[in-house]
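An overview of the molecular structure
In case you want the letters, here they are:
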Amino acid sequence: MKTPASWIHDYVDLPAEVTTEGLADALTDLGLKLESIESAAAGITGPLVIGRVLTAEAEPQKNGKTINWCTVDVGEANGTGQPQGIVCGAHNFGPGDLVVVVLPGGVLPGGFAISERKTYGHLSAGMICSAAELGLGEDHDGIIVLPADAGSPGEDALGVLGLDEEVIELEVNPDRAYGLSLRGIARDAALAYDAPFRDPCERQTPAPDDAGHPVTVDDPTGCPVFVARTVTGFDPAAPTPEWMARRIRLAGMRPISLAVDITNYVMLETGRPIHGYDRDKVTGRLGVRRAAAGEQLTTLDGTRRTLSEEDLVVTDESGIIGLGGVMGGETTEMSGTTSSVIVESAHWDPVSMFRTGRRHRITSEAGKRNERGVDPTICEAAADRVVELMVAHGGATAEPGVTVVGTPPAVPAITIAADLPARVTGIDVAAATTVAHLEAVGCTVASHAAEDGAAATLQVTPPPWRPDITDPFDLVEEVARVVGYDEVPSIVPREAAGRGLTRPQRLRRRVGRALAGAGCVEVISFPFVGPRTFDALGLPEDDPRRHTVPLANPISAEEPGYTTTLLPGLLHAAGRNLGRGANGVALFETGTVAFPADRGPAPIHGVDRRPDDTELAALFDALPRQPLHLGIVLAGERERTGWWGEGRAAGWSDAIDLVRRLGLELTVPVAPVQATQAPWHPGRCAAVTVDGEVIGHAGELHPKVCEEFGLPVRGAAVELDLDALLAAAPTVVPGPAFSAYPVAKEDVALVVDAEVTTAAVQDALLEGAGDLLESVRLFDVYDGAQIGEGKKSLAFALRFRAEGRTLTEAETGKARDAAVARAAELTGAVQRA
């Protein structure tokens, strides 16, 4: 919120010694954080003075343009007192007018330096300025013509234009919506300096008689208060007063026309959004209701919108004419011919306003205030202020009728112990101080004496402009900000006794270290997906992973669900890195996914007590299942090419190898089993099993998936249920056994059918070899013509070792033969000669 400092002074008698910096600091201490202090003259240096046009001779040019060769009296500002010769292309002024002149040596916003230069056959010494050139607006067509009593030639023009103004820009948190108005900011300024505050909404308004304009409200929950006033005889061509336009500009908005500027000015002043209708375009009675599904409205921005049943709309007898509290409709828009205006000042349900704004992607100053909560008691005062300004500056006549439908919602009282602020903040705050500070922020306080040794209690009714105050701790915050957050004592908390990391935390860190050691890099991606993502992964329509938990307020309408798989984020990250020049990527991510429970919405209980066991069970029962997953994506170079030889691209075997590494790290017997699962390549995908249960998949990605995400073909991926993997890890991991005796080496080559997996053969060898087998490793695969069609040869290196002796050839030979026999029994393997 940009706030001209002089505007604050209109409502608060601040001490004379208060500077803009001091005021900004005081407001920050009260919770309205300072963003910046700006000067309206930022970017303007050098002489900017008032000038009086003495002559203006029109001179047509060969290019079809007509310029004015002017002589301008700038007093003694040019050092000579002689008239200044200036070329000007505008035509909205004449001899005798007072204008704004920047002399040679001056610099305008954007670094535009002014110098004496020859142009159009004249030596032009300076420039007559437009509003756009001074950063005061967007009007390039005409220069600024000052009022006749603005000053004398040669005087500084900064003050006349309001460019000597300082503007405080404040960061207003959503819970302090009152800070989006001068009324609210000035109230905090008065609080900071204990200065008198003049409320712009404390005014005598006409008694309501339902004659302002007929109104019917069918949804009093969505629109508790609707005020309508009418003015006639309004001059649509009347200019906006310069002081008003200047303040609107300094507040960060653009002056448009007098009628619109007045409604914006009152919104900035009071915080209450106002809407004006061209009465001649309104047909009959105004109404407020919820839209019917499929109804449409063209809003003021020219967009045709299809409405939802949740949208609050304003209607007349012709249909919908506006989105209540968000944006008006085109059909009743005020224009350059509007002479009769219906002034609407209504209070709207903040939740409805927020949802409507998000649904239709409308961001407006009015919506920003309505969705945060506005004082519902000032509707009549704000409407009266608009009428007053239209009468004063637009020549309008105020019709005597005032329509008021509904009453402001009652603000419930809050019970708070008088000593709660002291107990929560650690500051010595007496009960009387608590009462005084709560009353200072606008609360009504009733005290109740202490009973039976308990602290006295207070019944506190928050002010209507503070809808964010709903419980005792909100009141504690109000007391603390008035006392001063700097008074809160700094106490180092005592470190609680702990037991270090939990077992799941230790295991998750072991997984991360193992993958990092294997050359993988951890990433974190957004867990949001939509139908297009699942299409890119090639998931069938009936795949359960397409069934997601919908988000109430998704960041993107194209990704409205919480993900059921980590692969989309990893694949996007891999494709992005490869597209930016990376030769290869190895990425991993751990995170939760969600599978809907489909048991209806969770029950909502109060916060005044702990839910009982039955209520807790119902709450947890409604939660989606959220397992922790591990995802890995490998693509591009896995081993680089160099002087040492040819590199190698990542493939399915690397994915399987990482799964085996994790199994060894956690001492979990993982077994890959051939499977088919999108988004993996059919026939090059393995289901990862633990004790016969599938906990994930690994292998080569389908070529179409690689194409969709910008990966080279034969990229590989892994996704595991990490919770299931960690649950299978033993609580105590035995240390490795060491033997000082030599290893005995045996190699075997086994011929099996092509569809038999290497893992099945390896497991059979492990089972048959017995306790003497230390390790088994596949070192060669051959499927040439020598072994027959549909066959393959797998060569394994077997390593035997005994703990307390050197093995004999007979022992190792017997163990080898037992291993081969078991492989033959389980897989049909035949030892190759």
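What comes next is a walk through the structure. Sequence order as written defines the numbering, with residues in each chain counted from 1. Given that the model is predicted, a residue must reach a pLDDT of at least 70 before its local features are reported, and side-chain atom pairs must reach 80 or more before they are shown or counted; all residues, however, enter totals for whole chains, interfaces and linings. Side-chain figures throughout are based on the complete set of non-hydrogen atoms in the structure, without hydrogens or water.

Comments concerning the packing of aromatic side chains
Inclusion rule: Aromatic rings from Phe, Tyr and Trp, taking only the six-membered ring of Trp, are treated as a pair when their centres fall within 6.5 Å; an angle between ring planes under 30 degrees marks them as stacked, one over 60 as edge-to-face, and anything in between as tilted. Strands are runs of DSSP state E lasting at least 2 residues, helices are runs of H or I lasting at least 4, and numbering of each runs from the N terminus. Classification of residues uses two cut-offs on accessible area relative to the type maximum, computed with a 1.4 Å probe and protein chains only: under 20% is buried, over 50% is exposed, and between them is partly exposed.
Enumeration according to the criterion identifies 5 aromatic pairs in this entry. Judged by centre distance (4.8 Å) and plane angle (20°), the rings of W7 and Y265 are stacked. One end of the pair, W7, is in helix α1 (residues 5-9); the other, Y265, is in helix α6 (residues 258-270), with 258 residues separating them in the sequence. The exposure classification of W7 matches that of Y265, with both residues buried. Centroid distance F226 to W348: 6.5 Å. Interplanar angle 80°. Geometry classified as edge-to-face. You can see F226 sitting in strand β15 (residues 225-232) and its partner W348 sitting in the loop between β23 (341-347) and α7 (350-360), a full 122 residues away along the chain. Grouped by ring-pair contacts, the aromatic residues W7, W243 and Y265 constitute a single cluster.

Here we look at the sheet that holds strand β1 (residues 2-4)
Inclusion rule: Between any two strands, pairing holds if DSSP finds at least two bridges. The angle between two axes is taken between their N-to-C directions and runs from 0 to 180 degrees, where each axis is a line fitted to C-alpha atoms and a helix contributes only its stretch in contact.
If you walk across this open sheet you meet the 3 strands as β1-β13-β2, and the pairing is antiparallel. Edge positions in the sheet fall to β1 and β2 (33-39), since each of these pairs with one other strand and no more. Put simply, the sheet's adjacent strands are angled 25° from each other on average, direction ignored. As paired strands, β2 and strand β13 (residues 166-171) are joined by 6 bridges and run antiparallel to one another. Residue E38 lies in a different strand from β13, and its bridge partner there is V167.

Some details on empty space enclosed by the protein
Counted only if it meets this: Think of a 1 Å grid over just the protein atoms. A cavity is a set of points where a 1.4 Å probe fits yet cannot get out, a pocket is an open set with protein on both sides within 12 Å along at least five of seven lines, and lining residues have an atom within 4 Å of a point. Grid points are joined across faces, edges and corners, and a volume is the space filled by probe spheres set on the points. Only Asp, Glu, Lys and Arg are considered charged, only Ala, Val, Leu, Ile, Met, Phe, Trp, Tyr, Cys and Pro nonpolar, and every remaining residue, Gly among them, polar.
Counted by the stated rule, this structure contains 2 cavities of 30 Å³ or more. Here the largest cavity defines a volume of roughly 130 Å³. Considering the residues around the largest cavity, the lining is formed by 15 residues, among which A177, Y178, S181, G271 and V374 are closest to the centre. Among the elements that take part in the lining of the largest cavity, helix α4 (residues 182-193) stands out by supplying 3 residues, more than any other. Looking at side-chain class alone, the lining of the largest cavity contains 6 nonpolar, 5 polar and 4 charged residues. Approximately 50 Å³ is the volume attributed to the second largest cavity. Lining the second largest cavity we find Y178, R187, D188, L191, V441, W465, R466 and R481. The biggest single contributor to the lining of the second largest cavity is α4, with 3 residues.

Structural notes on the sheet that holds strand β32 (residues 561-562)
Across the sheet, 3 strands lie side by side as β30-β32-β31; this open sheet has antiparallel pairing. A strand with exactly one partner marks an edge of an open sheet, and here the two such strands are β30 (528-529) and β31 (549-550). Looking at chain direction, β30 and β32 are connected through 2 bridges and run antiparallel. Bridge pairing in β32 links V529 to G561.

Considerations on the pairing of β23
Where burial is concerned, most of β23 is hidden: 7 out of the 7 residues are buried. Taking every second residue as pointing to the same face, both faces of β23 are buried, with V341, V343, S345 and H347 on one and I342, E344 and A346 on the other. Pairing analysis gives 7 bridges linking β15 to β23, with the strands arranged antiparallel. When the sheet's bridge partners are listed, A228 is paired in β23 with E344.

Quick look at the packing of helix α13 (residues 503-517) against helix α17 (residues 652-666)
Here is the rule we go by: Each angle receives one of four descriptions, namely roughly parallel if under 35 degrees, roughly antiparallel if over 145, roughly perpendicular if within 65 to 115, and oblique otherwise. By definition, any crossing whose near helix is turned counterclockwise from its far helix by less than a right angle is left-handed, and any crossing with a clockwise turn is right-handed. The contact rule is simple, with two residues in contact once any of their heavy atoms fall within 4.5 Å.
At a closest axis distance of 10 Å, the pairing of α13 and α17 adopts a crossing angle of 135°. One finds that α13 runs oblique with respect to α17. Relative to α17, α13 is oriented so that their crossing is right-handed. Where α13 abuts α17, its residues L507, R510, V511, A514, L515 and G517 lie against L658, R661, L662, E665 and L666.

Overview of a negative patch on the surface
Condition: Note on patches: the residues involved have over 30% relative accessible area and no salt bridge, like charges join within 9 Å, and the nonpolar side chains Val, Leu, Ile, Met, Phe, Trp and Tyr join within 5 Å. Only the protein chains shown count as cover for residues, and the accessible areas themselves come from Shrake-Rupley with a 1.4 Å probe. Here, a salt bridge means any side-chain nitrogen of Lys or Arg that lies within 4 Å of a carboxyl oxygen of Asp or Glu. Counted as positive: Lys and Arg. Counted as negative: Asp and Glu, with His and the chain ends omitted from the count. Note that the charge is assigned to NZ on lysines, CZ on arginines, CG on aspartates and CD on glutamates.
Taken together, the side chains of E21, D25, D29, E166, D486 and E487 make up a negatively charged region of the molecular surface. Sort the elements by how many residues they give to the negative patch and helix α2 (residues 20-29) lands first, with 3 residues. Assignment of secondary structure puts E166 in strand β13.

Concerning the layout of surface pockets
With a probe scaled to a water molecule rolled over the atoms, the places where space remains empty come into view. Quantified by volume, the second largest pocket comes out at close to 850 Å³. When contributions to the lining of the second largest pocket are tallied by element, the ones reaching two or more residues are α6, β16 (275-278), β21 (319-323), β22 (327-328), β23 and α8 (365-370). Take the lining of the second largest pocket: its biggest share by element is 4 residues, from α6. Its residues assigned to classes, the lining of the second largest pocket comprises 16 nonpolar, 14 polar and 5 charged.

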